[in-house]
Protein chains: 2
Amino acid sequence: MITYTFNNAGKMPLYEYLYKCIKDDILSGNLKAGERLPSKRSFAGNLGVSVITIENAYNQLISEGYVYSLPKRGYFVSKISHIANVKSVEPINYEKKLPEKENFVNLSGSQTNPKNFPFSVWTRLIRNTISEKSRELMITSPSAGVYPLRVAIAKHLQSFRGMMVNPEQIVVGAGTEYLYGVLIQLLGRDKVYCVENPGYSKVYRIYKANCVDCRLVDMDSRGIIVGNLRKAGGDIAHISPTHHFPTGITMPVSRRYELLAWTNEKDGRYIIEDDYDSEFRLDGKPIPAMKSIDAGDRVIYINTFSKSLTSTIRMSYMVLPIHLSQRYEEKLSFYSCTVSNFEQYTMASFIDSGYFEKHINRMRLFYSRRRSEVMEMIEKSPLSGKCTIMEANSGLHFLLRLNTKREDREIKNALEKKGMTISALSDYYMDGTSGDEHTFVVSYSDLNPDIFKNALKIIAETIC
Amino acid sequence: MITYTFNNAGKMPLYEYLYKCIKDDILSGNLKAGERLPSKRSFAGNLGVSVITIENAYNQLISEGYVYSLPKRGYFVSKISHIANVKSVEPINYEKKLPEKENFVNLSGSQTNPKNFPFSVWTRLIRNTISEKSRELMITSPSAGVYPLRVAIAKHLQSFRGMMVNPEQIVVGAGTEYLYGVLIQLLGRDKVYCVENPGYSKVYRIYKANCVDCRLVDMDSRGIIVGNLRKAGGDIAHISPTHHFPTGITMPVSRRYELLAWTNEKDGRYIIEDDYDSEFRLDGKPIPAMKSIDAGDRVIYINTFSKSLTSTIRMSYMVLPIHLSQRYEEKLSFYSCTVSNFEQYTMASFIDSGYFEKHINRMRLFYSRRRSEVMEMIEKSPLSGKCTIMEANSGLHFLLRLNTKREDREIKNALEKKGMTISALSDYYMDGTSGDEHTFVVSYSDLNPDIFKNALKIIAETIC
């Protein structure tokens, strides 16, 4: 009879130690397939442990498949066809850190400065949510998001964007990138998706990563060119009419109507209106959304809290045309909502209690002042007279055209060596058609004034 | 010269009121395309307002495209090709509520009872996270999740599942459903994905919604049949070897090695090991994960906090083979992480400070007691002797075979009319091949004992 001592068992329960010994013997081949194991009673007597200990060990071996039992005949070693040599694992260094680029001046960053996030309000609202809504927090959210949040968003869109939408048309998701993936499933993989060129390259990459037919359509000074959209055979136009990234173009109303007319020419055509930073139009009142003049119900409106609050709470939403929200309900509502209930309810109360509006107003003032500072700093810097500022009346970035003959790539590399990251407008031409425009995209949402001052000096030195 | 009175301006700023009046006249056709607007100075004099007011109104009209300006010539009405009649919007009733099924007895629910969620610990940890990590909370998370959380998960997997994995192999996402979509992009749309039949139908639906080739592979009492997987031409086998849903089968180690051998026969074959409720093996010690014996590095391990904490915090993770984690980094790390930093850091500290382990132990005890209660209740109910309980030693559900000749569908419909929702095992055969097995799936994670007692009575009345 096989036998084991329990000297090395340490603090392990006896049954577990015995299970391990037998398993090791099976894996090493000491116990062969088909071999009969001792009966529980005799094994227990032999090892000087209780029958229960043997039984527990055998049961564990059975449930993992190392051993099988035959009624009235006993316990046998299973046939294990292929014993892999588990590779020797390298010692794992959990303390390894990802490299940080602390010393870099990032002129293309879009993070929220911790000073600008309403931490104390947010903490209070989470605490209230948890203490008042423990029941709701545990109830599975509808696929499109919890109803109170969708109501809060609908009301916000009404007062802020002049949009009359039903909460039922709203789908909440963990970021616009996630929602793009949902839209591909909703609209169909057989459609031709068109994006603006130049444009926000991530949108293009997402369509490509999902292997749908995605085509680039050129822009003029009024936005995407409808004739080219037609030539490209587009079904879906994915655009940012309020404030195009990175050019800053606002699409005039005539082009908007031209686009809406294009959607009505043929069934299955839609506009995806990405309204990512409409809250931060710094002059005048906000530009109305295309969705608000969308008589044919062909516009899918998408927005996010990334710019208006922080990109690190992953929450975005889309407003679907009524017929598409019904299709979503039928075809895709089996998906779980991707945003935590805790944050959905907290956000609902953040909007409902007026904090969101206050926060936007505060931030608009902050960014407006920051922009003036930045402009003044450029004026007083060695760059003054050697550059032109464009499209600075909206959003959290502007275009800086430099008087230089050096190539964009050359300038970027030279700045990179001096510890500075900046994007060129030409980077956003996804087909690489652009020549050097000597124009750079400067994001100022999280820009330290002292660092920026120094950055301007370095840029001035670099361009000549 | 056009003229307006400001009598109806109310509290609106004058420039905005003026903007609105002019816009309405353009849209109604009172002002024609190409028509020249008054100069700022004369218009201001005429209306008795400041030049600034006119200028602001004109600028707004220009930025929205209703008006254009020609240098030294003045302001003109734009040509707007298509004036849509914006549909009359039905009054929106924000107070409308989604229907609730309050009176229903749901025997297939899997929600966490609010009493079982560690609210006070969670609240404290969120508060600490916010007060100690305000900087980190605003820094964009790496695509695969913040590093401290991935370290915490790697350590947890080591102590809990005997898995030695690098934090770099871990990808955190907003739910396993989201991660399945990522895997399709990572492994390729040209692959044949195989799922277990019967099985968790959502997995099948997700592959179908993504339009990839997904095939059903039959199971025997030891899990998915490798011969059938081969016949189906599968590249990827998506399985739950630790605890299959809904049958409760644990795949024995011989079948596991057979499957691993299958992956090594041909490049590009992988196993997706869905380990969704491995924490709740109620007897014996946990079954080792396939990933822990995966010498060829062909197993993608997926788990979630849905069962172990709550499904309403949307957080899951996968452990990729090393070569796939490199491919993820190259091809897909442009995606933003879908989980909020706030919850990522809170979860990291929940795991690191030992609360997660405590919670699992507490819940395992709770569910174990609940199971005994449930078994005892069945024993004492009118169903006693008219049913068999199967696969009750793991997870949060068991199978209940009823001694009845009535069809599964008939029973389900009859129970539905009496206010009870229950799933039949036959519902999980996705090709509809199953006959009536008279077997039902009972989830008991959130089952009120009194209600369950009553439910048993109703079932007993229904089956005869």
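Residue and element names in this part refer to chain B. It is the contact of helix α1 (residues 14-28) with helix α3 (residues 51-64), at a shortest axis distance of 8 Å, that shows an interaxial angle of 50°. Judged by the angle between their axes, α1 and α3 are oblique. Where α1 crosses over α3, the handedness of that crossing is right-handed. Of α3, the residues touching α1 (which contributes L14, Y15, L18, Y19, I22 and K23) are T53, I54, N56, A57, Y58, Q60, L61 and E64.

Okay, the interface of chain B and chain A next. The interface is formed by 101 residues belonging to chain B together with 103 residues belonging to chain A. Both sides of the chain B and chain A interface together cover about 8500 Å² of buried area, and 62% of this is carbon and sulfur. On the chain B side of the interface with chain A, the three residues burying the most area are B:Y94, B:M138 and B:F334, jointly 9% of the side's total. Joining chain B to chain A, the criterion identifies zero salt bridges. Across the chain B-chain A interface, the total number found is 18 residue pairs in polar contact (both at pLDDT 80 or more). Residues that form the side of chain B that touches chain A fall into these classes: 50 nonpolar, 26 polar and 25 charged.

Residue and element names in this part refer to chain A. Summarising the element assignment, R370 is placed in helix α13 (residues 355-380). The buried category is assigned to R370, whose relative accessible area is 13%. In this view, R370 contacts Y444, L447 and P449; residues no more than four positions away in its chain are not counted.

This part is about the domain arrangement of chain A. What the domain assignment lists for chain A is domain 1 (1-97), domain 2 (105-112 + 367-463) and domain 3 (114-358). For domain 1 of chain A versus domain 3 of chain A, the distance between C-alpha centres works out to 56 Å.

Another point: the packing of aromatic side chains. One pass over the structure, following the stated rule, counts 41 aromatic pairs over all chains. Geometrically, the ring pair formed by A:Y58 and A:Y75 is tilted, given 4.6 Å between the ring centres and 55° between the ring planes. With A:Y58 in helix α3 (residues 51-64) and A:Y75 in strand β3 (residues 74-77), this residue pair connects regions lying 17 residues apart in the sequence. By relative accessible area, which is 0% here, A:Y58 ends up buried. Taking 4.7 Å as the distance between ring centres and 55° as the angle between the ring planes, the aromatic pair formed by A:F117 and A:F119 counts as tilted. Of the two residues examined, A:F117 and A:F119, each falls in the buried class. Grouping aromatic residues by their ring pairs yields a cluster made of A:F117, A:F119, A:W122, A:F305, A:Y317, A:F350, A:Y355, A:F356 and B:F342.

On to the nonpolar core. A:W122 and B:W122 are the most contacted members of the largest nonpolar core, which has 84 residues in total. In this structure B:W122 touches A:I130, A:F342, B:F117, B:L309, B:I313, B:T346, B:M347 and B:F350, once residues within four positions along its chain are discounted. A:C214, B:Y193, B:V203 and B:L332 belong to the second largest nonpolar core, which has 64 residues in total.

Quick look at the environment of A:D275 now. All names here are of chain A. Within the element layout of this structure, D275 appears in the loop between β10 (270-274) and β11 (299-304). Assessed through its relative accessible area of 2%, D275 is described here as buried. Excluding its chain neighbours within four sequence positions, the residues that come into contact with D275 are R161, T242, Y301, I302 and N303. Within polar-contact distance, the side chain of D275 engages the side chain of S278 at 3.0 Å.

Let us now look at α13(A). Residue and element names in this part refer to chain A. Taking 1.5 Å of rise per residue, 26 residues should cover 38 Å, and α13 covers 37 Å from first to last C-alpha, within 8% of that figure. Within α13, burial applies to F356, H359, I360, M363, Y367, R370, R371, V374, M377 and I378. On its buried face, α13 is in contact with α6 (147-161), α12 (341-352), β13 (387-390), β14 (397-402) and α15 (449-463).

A few words on the sheet that holds strand β16 (residues 423-424) of chain A. Residue and element names in this part refer to chain A. Taken in spatial order, the four strands line up as β13-β14-β17-β16 in an open sheet, and their pairing is antiparallel. The open sheet has two edge strands, β13 and β16, and neither has a second partner. Each of β13 and β14 touches α13; the most contacted strand, β14, lies at about 10° to it. Of the strands in this sheet, β16 and β17 (439-443) are in contact with helix α14 (residues 408-417), which crosses β17 at around 40°.

Okay, the sheet that holds strand β13 (residues 397-402) of chain B next. Residues and elements named next belong to chain B. With respect to topology, four strands assemble into an open sheet ordered β12-β13-β16-β15, the strand pairing being antiparallel. If you trace the sheet from one side to the other, it starts and ends with β12 (387-390) and β15 (423-424), each paired once. By the bridge criterion, four bridges tie β12 to β13 in an arrangement that is antiparallel. The partner of T388 across the bridge, within β13, is R401. The strands touched by helix α13 (residues 355-380) are β12 and β13; relative to β13, the strand with the most contacts, the crossing angle is about 15°. The strands touched by helix α14 (residues 408-417) within the sheet are β15 and β16 (439-443), with β16 carrying the most contacts at an inclination of about 40°.

This part takes up the pattern of salt bridges. Enumeration over the complete set of coordinates arrives at 34 salt bridges over all chains. A salt bridge links A:E177 to A:K202, with the shortest nitrogen-to-oxygen separation between them at 2.6 Å. Of the two residues, A:E177 is situated in helix α7 (residues 176-187) and A:K202 in helix α8 (residues 201-209); the sequence distance between them amounts to 25 residues. The same class applies to A:E177 and to A:K202, which are both buried. With its nearest N and O atoms 3.9 Å apart, the salt bridge here joins B:E373 to B:R370. On the criterion of helical spacing, the pair formed by B:E373 and B:R370 is a turn pair, its members being three residues apart in helix α13. When salt bridges with common partners are traced through the structure, they connect A:D220, A:R255 and A:E258 into a single cluster.

Each value, and the rule that gives it
- Residues numbered from 1 in each chain as written.
- Chains lettered and ligands numbered in written order.
- Predicted model: local features only at pLDDT ≥ 70, side-chain atom pairs only at ≥ 80, totals over all residues.
- Heavy atoms only, no water.
- Axes fitted to C-alpha atoms, helices over the stretch in contact; angles between N-to-C directions.
- Helix = DSSP H or I, 4+ residues; strand = E, 2+ residues; numbered from the N terminus.
- Parallel < 35°, antiparallel > 145°, perpendicular 65-115°, else oblique.
- Left-handed = near helix turned anticlockwise from the far one by under 90°.
- Contact = heavy atoms within 4.5 Å.
- Buried area = accessible area lost by both parts, 1.4 Å probe.
- Salt bridge = Lys/Arg side-chain N within 4 Å of Asp/Glu carboxyl O.
- Polar contact = N/O pair within 3.5 Å; in protein donor to acceptor, adjacent residues only side chain to side chain.
- Nonpolar A, V, L, I, M, F, W, Y, C, P; charged D, E, K, R; others polar.
- Buried < 20%, exposed > 50% of the residue type's maximum accessible area, 1.4 Å probe, protein only.
- Domains from an automatic or database assignment.
- Phe/Tyr/Trp six-rings, centres within 6.5 Å; stacked < 30°, edge-to-face > 60°.
- Core = buried A, V, L, I, M, F, W, Y, C linked by side-chain atoms within 4.5 Å.
- Expected span 1.5 Å × (residues − 1).
- Pairing = 2+ DSSP bridges.

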